[in-house]
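The lines below spell out each chain.
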Amino acid sequence: MKPLSTDDIRQRYLSFFQEQDHAVIPGAPLIPENDPTVLFTTAGMHPLVPYLLGERHPQGKRLTDVQRCVRTQDIDEVGDASHLTMFEMLGNWSLGDYFKEGAITMSFRFLTEVLEIPMDMLAVTCFQGDSDAPKDEESAAIWEKMGIPRERIGFLPKAKNWWGPAGQTGPCGPDTEMFTWVGEGKPQGNPATHETQWLEIWNDVFMQYNKTAEGNFEPLAQQNVDTGMGLERTAAVLQGVPTVYETDRMRPILDRVRTLADQQDTRSERIIVDHLKAAVFIIADGVEPANVDQGYVLRRLIRRAIRAARQLRIEHDGTFAPTIANAVIEEYGHIYGHLKTKQKEIRDALSGEEQKFGATLKEGLKQFEKVVAETGAQIDGVHAFHLYDTYGFPLELTKEMAAEKGLSVDEKGFAKAFAEHQKLSRAGAEKRFAGGLADHSSETAKLHTATHLLSAALRKILGNHVYQKGSNITAERLRFDFCHPEKMTPEQLKEVERLVNQAIEADLPISFHVTSVEEAKEEGAMGVFDERYGDEVKVYTVGNEKTGTVFSKEICGGPHVARTGMLGHFTLVKEESSSAGVRRIKATVAGGPEQIEIAHEREA
Ligand code: SER
């Protein structure tokens, strides 16, 4: 096994798949574009859903990347050896190209030849089969052919060896997962027989089905492969360290925490490293602490980190979180350049939240005195939980302060209140995911096209300083954020609405072509032109170049409707401020046909 650095593993992964004809594409931001059903990008496949469903990807049929991911389901459980809120996923994809044989062969070669993991340290699992899909003997046979002995191959049900859809509908299929031995002594059995001694590091998903709204599994027109390897876990295995926190890039952050702390507590230290690292990446992708959505998750992460800091008796007057952020930026800024360009915003947001939370804790002390004045010999669970949930008092803190007054705390009652709260917030999170990953209904395609018309119309009316700052589409409305220094006048709004409707009435054709970023820029296509583009991009044109009726030209992944007439009628609902120098428009379309046609590649 090679004791490779985290940077090395990342690089070797991309190089290996590049050698196997995969195009290296940039990872997407943590905040999904045009997908309001999930808060964060949770896997490398998320930004690729349209292509997994058959849209053409400009870089071809074999892709590879490193995707920063945030998974919030288990925030309350962070602190063990291998779970992280934010992690990096190495991935490779086949969009209707190679399937099981190709994917497994490449995975096996990367593990054994590039990472040099000895074969007897490896085990795999395959899907055991049920009424929806047969047992995956095909994958097992390929593993055996590679040399993995039968006793290292476990078969597990859907709960384990099936991936997706990420929402309620969409691409999904059986997967085969790869594990390394982390138990004591010689490797034994497989993950089905010795679950806790095998650590999952990689997952190859064979997307052969589309789950429909009725719950049926229909074969996909195109068979895809979606793989994801956990970078931090793999680094821990190769570096021979017991937890992800001890790997070369995480360890310096942990050490920074320890130099600030007066006390030792492994769980608190890990929570700080995990949460503040995630917070740094989330802020860098444009989120600020708030009471809803991504901003709320961010706020919770920062506050939990500060609570953990209190446990370690670390000062938190507004400089603690920024100090840890510096360590994160030092370890990751050379790979994620935007952490460096955004370092001031990152430090300011963390410092502000740290100070705000300090004030909340002071309020909490007052509340604590009130509870004590009203209580008997024991503080009940509901009050203790209220102190925890609203004022950020860890149970330990409440217990300590209660003890100073000769009181006890009902810990069982606290645990009960805590569990109830968790159940509620889980239900909330599940609802959030249940909407279906990107909703690729005809309504969202219409609104997506309407967004292009709107942004072109805004430029025509307000000037070329207008460009997109954000876009968010639900089945009901579009929301478009753009740079513009002042409130739009009623006349301007009317003009924009009129222009868009004029373009709809002209029933302009829409098509795309694939070209280089440079050429797209040259031909005047709008775009964000940041690190998110690969070498080749898709440019969607509304109108006809030959007849000089081009209304809009924009770099975009799609999908879009085939003609503007399908939008029906466009209505501006609201114009408001979004943040300094950024305006926000909400708009709807109505009256178009229910069944739409999707825009195709233009004929050469
Ligand atoms: N989407 C799969 C996962 O998240 C493989 O990348 O595990």
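Keep in mind the model is a prediction, meaning the values are calculated, not measured.

Around the ligand, a shell composed of Ala-43, Met-45, Arg-71, Met-89, Trp-163, Asn-203, Val-205, Asp-226, Thr-227 and Gly-228 is seen. Contacts to the ligand include Gly-228, whose backbone N or O atom sits 3.1 Å from an oxygen atom. Considering the ligand on its own, with 230 Å² of exposed area, one finds that the protein chains cover 94% of that surface. When contributions to the shell around the ligand are tallied by element, the ones reaching two or more residues are β8 (198-211) and β9 (217-230). Among the elements that take part in the shell around the ligand, β9 stands out by supplying three residues, more than any other.

If you walk through the whole model with that rule in mind, you get 39 salt bridges. Measuring nitrogen to oxygen at the nearest pair gives 2.9 Å for the salt bridge that ties Asp-7 to Arg-10. With Asp-7 and Arg-10 both in helix α1 (residues 6-19), this residue pair falls three residues apart, about one helical turn. The two residues Asp-7 and Arg-10 agree in class, both being buried. When the shortest N-O distance is used, the salt bridge between Asp-130 and Lys-158 registers 3.0 Å. Of this pair, Asp-130 sits in the loop between β4 (122-127) and α4 (137-146) while Lys-158 sits in helix α5 (residues 158-161), placing them 28 residues apart in sequence.

Attention now goes to the sheet that holds strand β18 (residues 582-591). Sheet architecture is open: four strands sit in the order β12-β13-β18-β17, paired in antiparallel fashion. With partners counted over all chains shown, the strands left at the sheet margins are β12 (468-473) and β17 (568-579), one partner each. Pairs of neighbouring strands in the sheet enclose a mean axial angle of 20 degrees, with direction left out of account. Bridge count for strand β13 (residues 478-483) against β18 is six bridges, and the pairing is antiparallel. Bridge pairing links Cys-483 to Val-582 in β18. Of the strands in this sheet, β12, β13, β17 and β18 touch helix α16 (residues 442-462), which is tilted by about 30 degrees from β13.

An order of β16-β15-β14-β19 is seen for the four strands of this open sheet, with the pairing classed as mixed. Since the sheet does not close on itself, it has two edges, and those belong to β16 (552-555) and β19 (600-601), each with one partner. Of the strand pairs in this sheet, strand β14 (residues 510-516) and β19 are connected by two bridges, and their pairing is parallel. What sits directly across from Ser-511, in β19, is His-600. Sheet strands touched by α16: β14, β15 (536-542) and β16. Its angle to β16, the strand with the most contacts, is close to 115 degrees.

Counting buried positions over the ten residues of strand β3 (residues 86-95) gives ten, a clear majority of the element. What you see with β3 is no split at all: Met-86, Glu-88, Leu-90, Asn-92 and Ser-94 on one side and Phe-87, Met-89, Gly-91, Trp-93 and Leu-95 on the other are buried throughout. Both strand β2 (residues 62-70) and β3 contribute to a ladder of nine bridges, which runs antiparallel. The partner of Leu-63 across the bridge, within β3, is Trp-93. Examined bridge by bridge, β3 and β9 share five bridges and lie antiparallel to one another. By the bridge assignment for β9, Trp-93 is matched with Asp-226.

In total, this model carries one cavity of 30 Å³ or more according to the counting rule given. In this structure, the largest cavity spans a volume of roughly 30 Å³. In terms of lining residues, the largest cavity is bounded by Phe-108, Leu-111, Leu-122, Ala-123, Val-124, Trp-143, Ile-148 and Met-178. For the lining of the largest cavity, the secondary-structure elements that each account for two or more residues are α3 (100-114) and β4. If one sorts the elements of the lining of the largest cavity by residue count, β4 sits on top with three residues. For the lining of the largest cavity, the residue count by class is eight nonpolar, no polar and no charged.

Looking now at α3. Over its 15 residues, α3 extends 20 Å from the first C-alpha to the last, a length consistent with the 21 Å expected when each residue adds 1.5 Å. If you check which residues of α3 are buried, you get Lys-100, Ala-103, Ile-104, Met-106, Ser-107, Phe-108, Phe-110, Leu-111, Thr-112 and Val-114. Where α3 ends, the next residue or the one after it, Glu-116, has phi of about 55 degrees, a positive value.

For Thr-105, the location among the structural elements is in helix α3. Here Thr-105 falls in the partly exposed class, since its relative accessible area comes to 24%. Spatially, the C-alpha atoms of Thr-105 and Leu-298 are 40 Å apart, while their sequence positions differ by 193 residues.

This paragraph deals with the nonpolar core. The biggest cluster of nonpolar side chains holds 133 residues, and the ones touching the most others in it are Ile-272 and Leu-350. Sort the elements by how many residues they give to this core and helix α8 (residues 266-284) lands first, with eleven residues. Leaving out residues up to four positions away in the same chain, Leu-350 has contacts with Leu-276, Ala-279, Val-280, Ile-283, Ile-302, Ala-321, Pro-322 and Ala-325. Counting residues in hydrophobic clusters, the runner-up holds 38 residues, among them Val-466, Ala-503, Leu-508 and Val-561.

A separate point is the pairing of β12. Counting buried positions over the six residues of β12 gives five, a clear majority of the element. Bridge count for β12 against β13 is five bridges, and the pairing is antiparallel. Note on β13: the bridge partner recorded for Asn-472 is Arg-479. Hairpin connection of β12 to β13: four residues between the antiparallel strands.

With an omega dihedral of -5 degrees, the bond running from Gly-164 to Pro-165 counts as a cis peptide bond. Positionally, Pro-165 belongs in the loop between β6 (162-163) and β7 (170-181). Looking along the chain, the bond that leaves Gly-558 and enters Pro-559 is cis, with omega of -5 degrees. Following the sequence through the fold, Pro-559 ends up in the loop between β16 and β17. Located in the positive-phi region is Glu-116, a residue other than glycine, with phi close to 55 degrees. Topologically, Glu-116 is positioned in the loop between α3 and β4.

The rules behind the values
Residues numbered from 1 in each chain as written. Predicted model: local features only at pLDDT ≥ 70, side-chain atom pairs only at ≥ 80, totals over all residues. Heavy atoms only, no water. Near = heavy atom within 4 Å. Polar contact = N/O pair within 3.5 Å; in protein donor to acceptor, adjacent residues only side chain to side chain. Areas by Shrake-Rupley, 256 points an atom, 1.4 Å probe, with all protein chains shown as cover. Helix = DSSP H or I, 4+ residues; strand = E, 2+ residues; numbered from the N terminus. Salt bridge = Lys/Arg side-chain N within 4 Å of Asp/Glu carboxyl O. Buried < 20%, exposed > 50% of the residue type's maximum accessible area, 1.4 Å probe, protein only. Pairing = 2+ DSSP bridges. Axes fitted to C-alpha atoms, helices over the stretch in contact; angles between N-to-C directions. Contact = heavy atoms within 4.5 Å. 1 Å grid on protein atoms, 1.4 Å probe; cavity = no way out; pocket = protein on both sides within 12 Å on 5 of 7 lines; lining within 4 Å. Points joined across faces, edges and corners; volume = space filled by probe spheres on them. Nonpolar A, V, L, I, M, F, W, Y, C, P; charged D, E, K, R; others polar. Expected span 1.5 Å × (residues − 1). Core = buried A, V, L, I, M, F, W, Y, C linked by side-chain atoms within 4.5 Å.

From the geometry alone we can't say anything about function, so treat these as descriptive.
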